[in-house]
Amino acid sequence: MSLKRIGKHLLSNSARVRKAFPPKAMAAIEQAIKTSEATHAGQIRFVVEGALDGAPLFRNQAARDRAIDVFSQLRIWDTEHNNGVLIYLLLADRDVEIVVDRGIDRRVGTAGWEAICQMMEVHFRAGRFEQGVIAGIAAVSEHLVLHFPKDGAAVNELPDAPVVL
């Protein structure tokens, strides 16, 4: 357990999330998800968590493990075609994780998702949070369009609004 990481998480607060993602940015992200989902049969969720607290922090939970928990809690795995995608940002660590259901994962693979995460993290290091998320949504959408093209009147199975934890 790193004292530096604990300090970053303890000093992070909801104001930092609001600064990185003001209401206008959250609305733009929601619209990007809606626009994306009009072009394919997949489902995308974006979640930003300012910092870990309590037990997850003190047991040094990795962002990936937390993202898997969130994927499960939000039932992103529960889509008809097994093509749900979570884009998760742990803001205190500036760590992006993409967790996907098995239907899309078997077609894209770890390297494809990791490349998207790395591209987004470049934006975040430069303070371009909204642009980074929207670029990530666009990159995820390219895979979903290729592997799960829209087939008529697709049902929106998951909410499009970003989630702040």
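The shown structure was predicted, so the numbers you read here are calculated from the model rather than taken from an experiment.

Q: Can you help me understand unusual backbone geometry in this one?
A: You will see that Arg75, though not glycine, has its phi angle at about 55°, which is positive. Given a relative accessible area of 43%, Arg75 falls into the partly exposed group. Phi at Arg94 takes a positive value of approximately 50°, unusual for a residue other than glycine.

Q: In this structure, what is going on with the packing of helix H6 (residues 102–125) against helix H7 (residues 129–147)? I would like to understand it.
A: Any two packed helices are characterised by the angle at which their axes cross and by the distance between the axes. Running from N to C, H6 and H7 point in directions that differ by 165°, and their axes come no closer than 9 Å. In terms of axis orientation, H6 runs roughly antiparallel to H7. Seen along the crossing, H6 lies across H7 with a hand that is right-handed. Contacts between H6 and H7 involve Ile104, Arg107, Val108, Trp113, Ile116, Met119, Met120, His123 and Phe124 from the first element and Phe129, Gln131, Gly132, Val133, Ala135, Gly136, Ala139, Val140, His143, Leu144 and His147 from the second. When the residues that make up the contact of H6 with H7 are grouped by side-chain class, the tally is 13 nonpolar, six polar and one charged.

Q: Please clarify how the nonpolar core should be interpreted in this entry.
A: The tendency in soluble globular proteins is for nonpolar side chains to be buried as a group. Counting residues in each nonpolar core, the largest one holds 32 residues, and the members touching the most others are Phe21, Phe46, Ile87, Ile98 and Val140. Of the residues forming this core, the biggest block, seven residues, is contributed by H6. Setting aside residues up to four positions removed in sequence, Ile87 forms contacts with Ile44, Arg45, Phe46, Val47, Val96, Glu97, Ile98, Met120, Gly136, Ile137 and Val140. Of all hydrophobic cores here, the second largest spans 15 residues; its members include Leu52, Leu57, Ala67 and Leu158.

Q: How do you make sense of the sheet that holds strand E4 (residues 163–164) when you look at a structure like this?
A: Sheets are built from strands that pair by backbone hydrogen bonding, the pairs being arranged parallel or antiparallel. With mixed pairing, four strands are arranged side by side in an open sheet as E3-E2-E1-E4. Looking at the sheet topology across the chains shown, the edges are occupied by strand E3 (95–100) and E4. Two strands pair when backbone bridges link them, and strand E2 (residues 84–90) and E3 are joined in this way by six bridges, in the antiparallel orientation. Looking at the pairing, Ile87 lines up with Ile98 of E3. Packing against the sheet, helix H3 (residues 23–37) makes contact with strand E1 (43–49) and E4, and its axis sits at approximately 160° to E1. In the packing of helix H5 (residues 63–73) onto the sheet, the strands contacted are E1, E2 and E3, and the crossing angle to E3 comes to about 45°.

Q: Could you clarify how one ought to interpret the layout of surface pockets in this entry?
A: Space left empty within the atom packing is revealed by a probe, the size of a water molecule, rolled over the atoms. By volume, the largest pocket amounts to about 220 Å³. What lines the largest pocket is Lys8, Leu11, Ser12, Arg16, Lys19, Ala20, Gly50, Leu91, Ala92, Arg94 and Phe129. If you list the elements that add at least two residues to the lining of the largest pocket, you get helix H1 (3–11) and helix H2 (14–20). At three residues, the largest contribution of residues to the lining of the largest pocket is made by H2. Broken down by class, the residue content of the lining of the largest pocket amounts to five nonpolar, two polar and four charged.

Q: What exactly am I supposed to notice about the packing of H3 against H7 here?
A: Here H3 crosses H7 at 10°, and the two axes come no closer than 10 Å. Considered as vectors, H3 and H7 are oriented roughly parallel to each other. Across from Ala25, Ala28, Ile29, Ala32, Ile33 and Ser36 in H3, the residues of H7 making contact are Glu130, Val133, Ile134, Ile137 and Ser141. The residue inventory of the contact of H3 with H7, partitioned by class, reads eight nonpolar, two polar and one charged.

Reading the values: rules and limits
- Residues numbered from 1 in each chain as written.
- Predicted model: local features only at pLDDT ≥ 70, side-chain atom pairs only at ≥ 80, totals over all residues.
- Heavy atoms only, no water.
- Buried < 20%, exposed > 50% of the residue type's maximum accessible area, 1.4 Å probe, protein only.
- Axes fitted to C-alpha atoms, helices over the stretch in contact; angles between N-to-C directions.
- Helix = DSSP H or I, 4+ residues; strand = E, 2+ residues; numbered from the N terminus.
- Parallel < 35°, antiparallel > 145°, perpendicular 65-115°, else oblique.
- Left-handed = near helix turned anticlockwise from the far one by under 90°.
- Contact = heavy atoms within 4.5 Å.
- Nonpolar A, V, L, I, M, F, W, Y, C, P; charged D, E, K, R; others polar.
- Core = buried A, V, L, I, M, F, W, Y, C linked by side-chain atoms within 4.5 Å.
- Pairing = 2+ DSSP bridges.
- 1 Å grid on protein atoms, 1.4 Å probe; cavity = no way out; pocket = protein on both sides within 12 Å on 5 of 7 lines; lining within 4 Å.
- Points joined across faces, edges and corners; volume = space filled by probe spheres on them.

Everything listed here is a matter of geometry and, on its own, says nothing about what the molecule does.
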